[in-house]
Number of protein chains: 4
Amino acid sequence: MQDRFREECGIVGVFGHPEAANLVYLSLYALQHRGQESAGIVSAKDDILISHRALGLVADIFNEDIIRRLEGSAAIGHNRYSTSGQTLLKNTQPFVVEYGRGGLAVAHNGNLVNAVELREQLEGQGSIFQSNVDTEVIVHLMAASKGERTVDRVVAALSQVRGAYSLVFLTPHELIAARDPYGFRPLVLGRIQDKDSVVVASETCALDLIGATYEREVEPGEVLRVSASGVESFRPFPTAPRTSCIFEYIYFARPDSRVYDRNVYEVRKDLGRQLAREQPAEADIVIPVPDSGVPAALGFAEQARLPFEMGLIRNHYVGRTFIEPRDAIRHFGVKVKLNAQADVLRGKRVVVVDDSIVRGTTSKKIVQMLRHAGAAEVHMRISSPPTISSCYYGVDTPTSAELIASENSTEGIREFITADSLGYLSVRGTYNFLKNGEGNGFCAACFTGRYPVPVSDPGRTHQLVLFEAKER
Amino acid sequence: MQDRFREECGIVGVFGHPEAANLVYLSLYALQHRGQESAGIVSAKDDILISHRALGLVADIFNEDIIRRLEGSAAIGHNRYSTSGQTLLKNTQPFVVEYGRGGLAVAHNGNLVNAVELREQLEGQGSIFQSNVDTEVIVHLMAASKGERTVDRVVAALSQVRGAYSLVFLTPHELIAARDPYGFRPLVLGRIQDKDSVVVASETCALDLIGATYEREVEPGEVLRVSASGVESFRPFPTAPRTSCIFEYIYFARPDSRVYDRNVYEVRKDLGRQLAREQPAEADIVIPVPDSGVPAALGFAEQARLPFEMGLIRNHYVGRTFIEPRDAIRHFGVKVKLNAQADVLRGKRVVVVDDSIVRGTTSKKIVQMLRHAGAAEVHMRISSPPTISSCYYGVDTPTSAELIASENSTEGIREFITADSLGYLSVRGTYNFLKNGEGNGFCAACFTGRYPVPVSDPGRTHQLVLFEAKER
Amino acid sequence: MQDRFREECGIVGVFGHPEAANLVYLSLYALQHRGQESAGIVSAKDDILISHRALGLVADIFNEDIIRRLEGSAAIGHNRYSTSGQTLLKNTQPFVVEYGRGGLAVAHNGNLVNAVELREQLEGQGSIFQSNVDTEVIVHLMAASKGERTVDRVVAALSQVRGAYSLVFLTPHELIAARDPYGFRPLVLGRIQDKDSVVVASETCALDLIGATYEREVEPGEVLRVSASGVESFRPFPTAPRTSCIFEYIYFARPDSRVYDRNVYEVRKDLGRQLAREQPAEADIVIPVPDSGVPAALGFAEQARLPFEMGLIRNHYVGRTFIEPRDAIRHFGVKVKLNAQADVLRGKRVVVVDDSIVRGTTSKKIVQMLRHAGAAEVHMRISSPPTISSCYYGVDTPTSAELIASENSTEGIREFITADSLGYLSVRGTYNFLKNGEGNGFCAACFTGRYPVPVSDPGRTHQLVLFEAKER
Amino acid sequence: MQDRFREECGIVGVFGHPEAANLVYLSLYALQHRGQESAGIVSAKDDILISHRALGLVADIFNEDIIRRLEGSAAIGHNRYSTSGQTLLKNTQPFVVEYGRGGLAVAHNGNLVNAVELREQLEGQGSIFQSNVDTEVIVHLMAASKGERTVDRVVAALSQVRGAYSLVFLTPHELIAARDPYGFRPLVLGRIQDKDSVVVASETCALDLIGATYEREVEPGEVLRVSASGVESFRPFPTAPRTSCIFEYIYFARPDSRVYDRNVYEVRKDLGRQLAREQPAEADIVIPVPDSGVPAALGFAEQARLPFEMGLIRNHYVGRTFIEPRDAIRHFGVKVKLNAQADVLRGKRVVVVDDSIVRGTTSKKIVQMLRHAGAAEVHMRISSPPTISSCYYGVDTPTSAELIASENSTEGIREFITADSLGYLSVRGTYNFLKNGEGNGFCAACFTGRYPVPVSDPGRTHQLVLFEAKER
């Protein structure tokens, strides 16, 4: 059972490069941490679109032969976790269809909060759906639009949907990128100088790998059309207060990425420093829960002037699942990923820094494993506030009832995880520190339960009536 | 390169049996000769449809695990060759969609002659297509219909299409079978007595294997609805003169099937007898081109009072393709399927009976192989008239220009295939003999070029704009 | 459960042809009926041997890429059923090893009766075995030999084994063929004229496909060495009375093959004629159990002057296994292969001709299926004598106890299979007719229980102590 | 092209546990860093051995079904890189054979220096080899031995071989572990307390994962026999000066392992501290080449009192290979694994700590990537001496000519990698520091060219004469 919040998707688009699909493939590899269930690429050549999508990791899905067949100078790609839509092949993205205007592909990071009602309206008018991803609603709205240009149809469709979206569309002759007016999910714009190629991607680490230069964010509410005529920017929607997802800083994004125009690693170190100020501890060493906890632990150790040590070693050959003996091994679930170093920990008072606690079960196993390895005291420090509410804007979270902090006080959680002390970063501290107080740029719904875009019927999704005998 | 006409599809439906999918699977296996590119089954359980479709042979596509997951007491199935729509996974049938009324699956044998114009109309109104099989047009017409019952929507859709179709539809709670008013393609109705189960299938050999009793043909122009309330028959279309495909008798159907209410093996023996009357030969033995030529050769030998021998032996382990050495083997293409028996043929004047000549290249190799094995004379006899025109009603035929008989006299063909003599059955003889003259029950378009249903734009099909990188 | 005797293997070797592996591959395809569990090819190029072996059918195991990698101008191949050695990948042939003299491959048709004791001796001296096929004993005997030339080591090894063997050996520079002194299993020699290439194969149908000319049998007790110096023949063993397997004529060999210097189809027709003389029947039609029963049924019909009809139609798309419904279908096991034609059989007195009865269960289902289809009387005729004893010379037979004829009279069998009458060919009739009485050329052990080569410990095989977790 | 020394193998054995194979599988997963080309497990149940071996990673090779079939209470396992023997399926280990004494499996970490001459002797006596791994020689020596007990045969065989070996043998009823008298490769002994199970493994991280307690090293020259009678220790060989491989500390072993009785992470930090003493640098920050350089960089930063930063971020989803665009990306080969953080590095004087330089090409790319990201100065520090000689004791090293340090001075290397300064740890410093000077416990052949066990014919390996058409 998942004991992390999970980012649902990474998206990328390349326009105007002779090896567009290959660059998209490498970008997806750089964005692999944003979705590991499936991946896909669609390229445009002359008047056709060519696609390849499959379940699995990027490096397993694509080979030289497939990349070579994804011809053309424009392409888009997608990595996926499923928040809306089961883990089915037909739900993999980019979503690709033929409609009256020719071929159209779209890759989506985010989640729409009025997808089900729009779908029911469209079906009532004779539309036939192929999947149960909310993205398909956008495509049907485009097909039903009378707009002349594709970009007009994109605007017409997006004017009817509500929620979080960073999108890239591909037609045989243009690439369109769009970001919702709230700026929930990240999206950046870059260029490959010598080729005059345009790249859009969820994070800058994708730009770095393919040698593209970071230019700026695609702005909240902006629609960008990239074609042979260059890049055009549209601002067709009413403006809204920016409410970007703060978990990109806390956990999701790669530390070497620039997100919302700041370096993630630096932000995480800052959060660690602030955590040391708010929640100091009498201790001998500071250790991270690797790899995500490393920057915050470095910041904490620096601020607290305590030695930083790798007291937990991560095994990097982690597969999907491991076969546990019937005669169960103590702390097995955590141990296949992390090993505690007795020689480092023995007799020490240890601060262990992690980015968040979701259900608490993993934290408990880590505390116990550290004690078993000889730690004299274990002080857990978390570089974010307690998470008490589910996310409806594209993050895979347990129900509120399963979030340990929604029902328990910090002392209750400490008791559950058996730590000697437990300290979270404060909401105020987090936002003040980021110089963007609540209402000043970040969504805090998961910490506060206050949702910037109303969610009418939170639990409602479209129920599939078609199944594949093989996929269940 | 194909040197046979090819049947495009076999279809089957079972309603009211606890192991419906298993019976459909066995029926598809019995109908394997009607299509070997792909196969699929869709079953209905409660309110959902479950499908499995793949490229390959029935015995390779399905296994016990998959059959077990195809739950429910109703199911339909399809074997396929491609006449409309490329050999792509997305073009495999049964075609299955979710629309406003829930799940719907359909399996189609035949070919529509106005599918492209209907598709363009529908796309102009915002419909999004998933494939380029003409069958999908029927589904979109159903989605756009305002009919209350599914059967009303079926009738509304079929009223707008023109061409050849035998169809089975499946929804979660009913099975609908339909046959075009001309009765182009076969379709039969059977029952499994002790279960009160209903079966529809392309040929009776499917009924035989699963222990069902043959009841009657689904009549041309008939729509059958099978549900918990029993079998209802509708006749919603204007009547038309019957023009069933005669090639089912000549070559397509299994000899042990009953088609258009007559046993195929007996018809073929009769055609062989008539051939002996029309085209006698001075000879020592009669041999068939196995397996399809066996019944006609038996009829010929009986009428001509000549010994019947197996002078050509067929290899039954034929795979998709064989790797020919660069240093080519004489008659290789035919030899991997057939071997000529020198000990049987040596010094003999041989009548060799085949069902048809398409391009003539295979016939030429057979004649040469027989001579090489020692035959003194080779007299080719064909149990059908010369084929001069392409079919637009669901048979995969070469273009007219590739049909050797469209440009050559019988003497010209004889010379090409290097036989000592060549004799075809006459058109008149064929139809008179069948007691169904032209205009009295059979389509003769491939022999005469007279098409019973006008084909406005024969070469026109919908060109795909979406491709899979793996399938090309 | 198998209800046929089964040939265990087909072997082939080609020397002196630039596409040797491709010709071996095609030959194995022509010999596919002799073994369908696994196949393999080994080619020789310069000083190395290259092999490919797998479970499955020839057409599935090899592709163009693999054939291209099997470089060199000499190659041997093998099709396999398992009589000695389980169906394991390591038991597939050609068996290929590296020993002190370099690389060596061997393909074996037959069965050794003293393999286990030889193996135990060799292991006692430090030999390490890789498989449990008896063929490996020969290789170890060769490795232990002090002979200078490979052919000397072959003779040294074969002088120590007892039983049935047709063998082809391949080293980087020569091909050696050998046949046991009794001539149990067939082996023929052919040539490809224009290339001066030499071919050895189990049956002539392999020569026909690759365009080779039949020259003669490899004689019982002969060892042939084929090298750059041409073909040398050796006769190193004491002569023995010829006792070739008669089941090659009755059932195993392809009808278009020449075996023991006679055409198999003609022999089968003759057996059918003799059967009609010995076991006539009052009947209306004669039908074969296709395909193996066709020639004998033609002979029977000709002799009895009765019409020959295809009353049973065979389905040629037979896969490995079929999934039978839990609610069993009547005669299912036979029906997936054969369908009875009611229109042909209705009201008729039917003679049905088959080649043999093993357990009787299939025959019973056929009789019942014919009656169910309307036959008025069913007279079963078998073109061989009753089989009462197991074979130890390379044929896969049930134990004697499972052979219905070992415990039952003909009347008892008739009753079991529910036929109106049952007639076997007599032993005397069979052999007299073949002009080779017992002791005059054929082994009759399965009909008489008299074994020409003593079998000391019939049930004894080497028990494996090594298993693969995947293959069980 | 490989730019690291590579450990060739990890081995493990478990005796006396009901889920032995499952524990071996988890241990192999913990030892995955020691070999990623192939893996295998052999278990013992009653009188048989059951094996599964394949190319690939542990988590991909084994599934629940396979683990369940590896029955029995004893098992051994192996991870592999190939130093002797090509990457072929038949060369995967554990090596498993049947010989006169029954089944025997063996897993080997190390390399024999007299394997080829022993093999030639054995082949001259009639032995037949299955592979070209040197391990097979040991098995044939055992088969040829007249020893009564398996342990006697093990000793007899090992008395004849020379070189580096840590070995585990498995027979149906005992497990035997052995380590060469020099103690080249590591091997530890542990126990699972509550089960009284015995575990041997290359490193203690395997013990940690399965909940076993570390007991001691298997001593150099020790042979351990584990059976139902308990653990017996033998010392059958003359003693030799200990020359354990120091690269286990520098790079190979997992940091959380205890090797040669010291914690690897602590040793690496110590090497980093010593490096800072020997090779200080004027700089602003210290960064590691992750992950292997992290402990030494922490030690360096601590000693030098400089801030430690993660200036290079590693991508953990690395696949086998990545498809580079034809229009090459700058520093591509390194960039798919590491990304340089411009926001951390900009304008800084950077010390970058790595464990070794092999060819120098990777180091050069790292230096350039750091500069490209804005580093003002780049000072490369290496936590081991220059490597100038190939290893013949089980480590995969390039030839001496390919080792940049064998032909170049430190200044020459600095120039090649374009660093502002370059500093290696000294040989003396390394060994003194470890309190085990040369001749006092460690092999220094790769740094000094002085080989503790003479290598008569270094380049000589057995050349295969058998190939698989698929594996080349």
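**Section: the interface of chain D and chain A**
Point 1. Taken together, the contact pairs 57 residues of chain D with 57 residues of chain A.
Point 2. Together, D:Tyr29, D:Tyr317 and D:Ile323 form the three largest contributors to the area buried by chain D at its contact with chain A, with a combined 16%.
Point 3. Our enumeration of links across chain D and chain A arrives at 6 salt bridges.
Point 4. A:Glu309 is paired through a salt bridge with D:Lys269; the nearest N and O atoms lie 2.6 Å apart.
Point 5. Counting across the interface, chain D meets chain A through 26 residue pairs in polar contact (both at pLDDT 80 or more).
Point 6. For the side of chain D that touches chain A, the elements supplying multiple residues, two or more each, are α1 (20-30), α3 (64-69), α7 (204-210), α9 (264-278), α10 (294-304), β19 (312-314), α11 (332-335) and α12 (342-345) of chain D.
Point 7. Per-element tally for the side of chain D that touches chain A: the top contributor is α1(D), with 6 residues.

**Overview of the packing of aromatic side chains**
Point 1. Overall, the coordinates contain 46 aromatic pairs over all chains when judged by the stated rule.
Point 2. Each ring, one from B:Tyr392 and one from B:Tyr451, has its centre 5.6 Å from the other, and the planes form 50°; the classification is tilted. With a gap of 59 residues between them, B:Tyr392 in the loop between β22 (377-382) and β23 (395-396) and B:Tyr451 in the loop between α17 (445-448) and β26 (466-468) connect regions that are remote in the sequence.
Point 3. You can call B:Tyr392 partly exposed: its relative accessible area is 24%.
Point 4. Among the aromatic residues, those joined into a cluster by ring pairs are A:Tyr182, A:Phe184, A:Tyr392, A:Tyr393 and A:Tyr451.
Point 5. Sitting over the ring of B:Phe416, B:Lys364 keeps its end group 4.5 Å from the ring centre.

**So, the interface of chain D and chain C**
Point 1. Taken together, the contacts link 39 residues of chain D with 39 residues of chain C.
Point 2. Across the interface of chain D and chain C, roughly 3,400 Å² is buried in total on both sides, 52% from carbon and sulfur atoms.
Point 3. The largest share of the area that chain D buries against chain C comes from D:Glu98, D:Ile128 and D:Ala469, three residues that together contribute 23% of it.
Point 4. At the surface where chain D touches chain C, the tally comes to 2 salt bridges.
Point 5. The tally of links between chain D and chain C comes to 15 residue pairs in polar contact (both at pLDDT 80 or more).
Point 6. Where the side of chain D that touches chain C is concerned, the elements lending two or more residues are β4 (48-55), α3, β6 (95-99), β7 (102-112), α4 (115-124), α5 (135-144) and β26 (466-468) of chain D.
Point 7. In terms of residue class, the side of chain D that touches chain C is made up of 17 nonpolar, 12 polar and 10 charged.
Point 8. The pairing of strand β26 (residues 466-468) of chain C with β4(D) spans 3 bridges and is classified as parallel. Looking at β4(D), one finds that C:Glu468 is bridged to D:Ser51.

**What about the relation of the copies chain D and chain A?**
Point 1. For the pair chain D and chain A, the superposition axis carries a translation of 0.1 Å, the fit reaches an RMSD of 0.1 Å, and the rotation angle comes to 180°. One copy is carried onto the other by what is essentially a two-fold rotation axis. Judged by C-alpha distance, D:His316 is the residue of chain D that lies nearest the rotation axis, at 3.5 Å.
Point 2. Both copies present the same face, since 100% of the interface residues in chain D are matched by interface residues at the equivalent positions in chain A.

**Brief notes about the domain arrangement of chain A**
Residues and elements named next belong to chain A.
Point 1. In terms of domains, chain A is made up of domain 1 (10-240) and domain 2 (264-448).
Point 2. Each of domain 1 and domain 2 has a C-alpha centre, and the two are 34 Å apart.
Point 3. Of the roughly 650 Å² buried where domain 1 meets domain 2, counting both sides, 62% is carbon and sulfur surface.
Point 4. Linking domain 1 with domain 2 are 0 salt bridges.
Point 5. Scanning the region where domain 1 abuts domain 2 turns up 2 residue pairs in polar contact (both at pLDDT 80 or more).
Point 6. Partitioned by chemical class, the residues of the side of domain 1 that touches domain 2 number 3 nonpolar, 4 polar and 2 charged.

**Structural notes on the side chain of B:Glu203**
All names here are of chain B.
Point 1. Of note, Glu203 is situated in the loop between β11 (197-201) and α7 (204-210).
Point 2. A relative accessible area of 0% places Glu203 in the buried class.
Point 3. A polar contact of 2.8 Å, which involves the side chain of Glu203, links it to the side chain of His33.
Point 4. A distance of 2.7 Å separates a polar atom in the side chain of Glu203 from a polar atom in the side chain of Arg34.
Point 5. Sequence-distant contacts of Glu203, defined by excluding residues within four places in its chain, comprise Leu31, His33, Arg34, Val188, Glu248, Phe252, Ala253, Arg254, Ser257 and Val259.

Criteria and cut-off values
- Residues numbered from 1 in each chain as written.
- Chains lettered and ligands numbered in written order.
- Predicted model: local features only at pLDDT ≥ 70, side-chain atom pairs only at ≥ 80, totals over all residues.
- Heavy atoms only, no water.
- Contact = heavy atoms within 4.5 Å.
- Buried area = accessible area lost by both parts, 1.4 Å probe.
- Salt bridge = Lys/Arg side-chain N within 4 Å of Asp/Glu carboxyl O.
- Polar contact = N/O pair within 3.5 Å; in protein donor to acceptor, adjacent residues only side chain to side chain.
- Helix = DSSP H or I, 4+ residues; strand = E, 2+ residues; numbered from the N terminus.
- Phe/Tyr/Trp six-rings, centres within 6.5 Å; stacked < 30°, edge-to-face > 60°.
- Buried < 20%, exposed > 50% of the residue type's maximum accessible area, 1.4 Å probe, protein only.
- Lys NZ or Arg CZ within 6 Å of the ring centre and 35° of its normal.
- Nonpolar A, V, L, I, M, F, W, Y, C, P; charged D, E, K, R; others polar.
- Pairing = 2+ DSSP bridges.
- Least-squares fit on C-alpha atoms with pLDDT ≥ 70 in both.
- Domains from an automatic or database assignment.

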